[in-house]
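Here's the letter readout for the chains.
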Amino acid sequence: MDMKLEVVVIPVSDVDRAKAFYEKLGFRLDIDHAANADHRVVQFTPPGSEASIHIGKGITSAAPGSLQNLYLIVFDIEKARAHLVGRGINVSEVFHHAGLLGPRVTGPDPKHGSYASFASFEDPDGNTWLLQEITTRLPGREWKSMQAPALNVASLANLLHETEEHHGNYEKAHAKHNWWDWYAGYIIARQSGSSPEEAAPAAERYMEKVLHV
C-alpha cells in the first residue's frame, strides 16, 4: 500500500509574515482558510514537489522556529541558490562536508557528487531549510510506482526530439563533445521523473564528469 508524505507543518508566530515569505520564496499558494480567529491554515507547495507545507494558527503546539533542516532537493545547487537570491532570499554560500557527517567546508563538493552539496536559509521565525543537490539517486531510492512508464516508439521519438532541442542550447555554448553523452544524461533524468528544466542541468553535470575523466 502506497503511503505518500503529503504535508509538513511549519510552526510560525506571525501567519501573514510567514505567508509573505513563502510567497516570495516562490512556493505555490494552495489554500488560505480561517475557521475563526484562533484557527487558520495556509498551504504552500514547493515547485515540483508532491508534498506541501502548512503554516497557520491553532494547528501545532510546536514552538515557532523549532523545525530545523527541512530538505529541498535541486539538480543544480548553484543555480538554485542564485535563483533564490534573485528573489530576495538570504541564502548561505554553497557548502559540503569533509566526509560523511564531517565538518562543513565552503564551496560545492569538489567531485560534484550527488547528495554532497548544500546551501541553507531560514524563514522569519528561524525554521531552517537545506537545499541539497541530487543529480542521480542511489540504487533503491525510488519507488517503482513512481518511475516513468515504459517508452513506446512514439513517446521515444518525442523524447529524442525534446532532447535534441535542449542539447542544441548546450552545444552552442560548449566545446566539441560526444552528443550521445549529453543525450544519455538528459534522457535518464527525464525517465527518473525530472522536468525538462531539471533534466538539462543534470545532463550538464554529467558532461562535467565525462569531460574531466
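Procedures and definitions
Residues numbered from 1 in each chain as written. Predicted model: local features only at pLDDT ≥ 70, side-chain atom pairs only at ≥ 80, totals over all residues. Heavy atoms only, no water. Buried < 20%, exposed > 50% of the residue type's maximum accessible area, 1.4 Å probe, protein only. Helix = DSSP H or I, 4+ residues; strand = E, 2+ residues; numbered from the N terminus. Contact = heavy atoms within 4.5 Å. Axes fitted to C-alpha atoms, helices over the stretch in contact; angles between N-to-C directions. Parallel < 35°, antiparallel > 145°, perpendicular 65-115°, else oblique. Left-handed = near helix turned anticlockwise from the far one by under 90°. Nonpolar A, V, L, I, M, F, W, Y, C, P; charged D, E, K, R; others polar.

Would you explain unusual backbone geometry in this entry?
A negative phi angle characterises most non-glycine residues, just as the trans form characterises most peptide bonds. Positive phi outside glycine occurs at Asn69, with the angle close to 60°. Given the relative accessible area of 44%, Asn69 is considered partly exposed.

It is not clear to me how the side chain of Thr135 should be interpreted in this structure. Could you clarify?
Following the sequence through the fold, Thr135 ends up in the loop between strand S9 (128–133) and helix H3 (153–173). Each residue touching Thr135, except ones within four places of it in the same chain, is listed here: Phe75, Ser114, Arg205 and Lys209.

What is the right way to look at the packing of H3 against helix H5 (residues 196–211) in this model?
A packed helix pair is summarised by two numbers, namely the angle formed by the two axes and the spacing between the axes. Where H3 meets H5, the closest approach of the two axes is 11 Å, and the angle between their N-to-C directions is 60°. Taken together, the axes of H3 and H5 are oblique relative to one another. For the pair H3 and H5, the sense of crossing is right-handed. Residues Glu162, His166 and Tyr170 of H3 form the contact with H5, whose participating residues are Pro196, Ala200, Glu204, Met207 and Leu211. Residue classes in the contact of H3 with H5 are distributed as five nonpolar, one polar and two charged.

Take it as geometry only, folks, not as evidence of what the structure does.
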